[in-house]
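# Architecture and fold: a report
Chain residues, written in single-letter form:
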Amino acid sequence: MLRSLLLAVRNAKLYPPGSKAIRVANEQAREGIDKFLEKNETLTIFHIKQALLVNGQRIDTGDFRFFAESFIKFLTRLDLQGLAFKKGLPQEELSVLLDYCGRLKGEKIDQRFWQRFSEEKGLSHIELSQIHYAVVAEPVEAPAQGEGEAEAKPEPAAEIAFRLAAAEQRLS
């Protein structure tokens with residue numbers, strides 16, 4: 001099912017809207033989702049710390065590690081923590097999401113991006129959970145400088161990345 005979702009998004013990047021390759025990939029993605037929804041009202045797929053959770057259960061990705069890692073990268077690129085699909089998912093609703101995800105290029109995704117998208121497109125069978133980042137900065141003391149030394153300023157992005165990595169390690 002993850003593979004079919006990724007394939008549908010990839011096809012949306014490669015082929016013109018409405019092409020047969022896109023339609024077939026979107027239909028296959030929905031068939032995969034529908035198999036899960038035969039026994040459940042909702043299918044949720046979330047990622048937490050590089051692990052996939054399906055309907056709240058951490059899944060062993062050993063047999064399909066490549067697709068799981070690709071799916072996590074896909075969600076991360078879109079600033080999504082996860083997706084939920086509800087029983088009765090219309091093909092058109094899934095196609096709108098997959099096509100848009102495939103064509104999304106470098107747009108700035110702000111805090112309410114996916115909520116606005118869901119409202120604008122009328123998504124009633126798909127819920128998108130967006131990641132909300134908060135940067136917590138600790139004061140950094142500058143080293144004492146001797147005369148004639150140039151002041152070295154850390155790169156802001158590098159400093160933030162370092163702090164986020166350190167915070168993630170503390171959580172592990």
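Scroll up for the structure.
Everything numeric here is computed off the predicted structure, so don't read it as measured data.

### Notes on the side chain of Asn26
For Asn26, the position within the fold is in helix 2 (residues 20-37). In terms of polar contacts, Asn26 uses its side chain to reach the side chain of Asp99, at 3.3 Å. Once you skip the residues sitting within four places of it in the chain, Asn26 turns out to touch Ala8, Gln91, Leu94, Ser95, Leu98 and Asp99.

### So, the pattern of salt bridges
Side-chain pairs of opposite charge can arise where the charged atoms are in close proximity. This model, assessed by the stated rule, comprises four salt bridges. A salt bridge links Lys87 to Glu41; the nearest nitrogen and oxygen atoms lie 3.8 Å apart. Of this pair, Lys87 sits in the loop between strand 4 (80-86) and helix 4 (91-103) while Glu41 is found in the loop between helix 2 and strand 1 (42-48), placing the two residues 46 residues apart along the sequence. We classify Lys87 as partly exposed; its relative accessible area is 36%. Among the ionic pairs, Asp110 bridges to Arg116, the shortest N-O distance being 3.0 Å. With relative accessibility at 29%, the residue Arg116 sits in the partly exposed group.

### Here's the deal with the packing of helix 1 (residues 2-14) against helix 4
The contact between helix 1 and helix 4 brings their axes to 7 Å, and the two run at 60 degrees. What the angle tells us is that helix 1 and helix 4 run oblique. Once helix 1 is placed against helix 4, the crossing between them reads as right-handed. Contacts between helix 1 and helix 4 involve Leu5, Ala8, Val9, Ala12 and Lys13 from the first element and Leu94, Leu98, Asp99, Cys101, Gly102 and Arg103 from the second. Of the residues that constitute the contact of helix 1 with helix 4, the class distribution is seven nonpolar, one polar and three charged.

Calculation rules
Residues numbered from 1 in each chain as written. Predicted model: local features only at pLDDT ≥ 70, side-chain atom pairs only at ≥ 80, totals over all residues. Heavy atoms only, no water. Helix = DSSP H or I, 4+ residues; strand = E, 2+ residues; numbered from the N terminus. Polar contact = N/O pair within 3.5 Å; in protein donor to acceptor, adjacent residues only side chain to side chain. Contact = heavy atoms within 4.5 Å. Salt bridge = Lys/Arg side-chain N within 4 Å of Asp/Glu carboxyl O. Buried < 20%, exposed > 50% of the residue type's maximum accessible area, 1.4 Å probe, protein only. Axes fitted to C-alpha atoms, helices over the stretch in contact; angles between N-to-C directions. Parallel < 35°, antiparallel > 145°, perpendicular 65-115°, else oblique. Left-handed = near helix turned anticlockwise from the far one by under 90°. Nonpolar A, V, L, I, M, F, W, Y, C, P; charged D, E, K, R; others polar.

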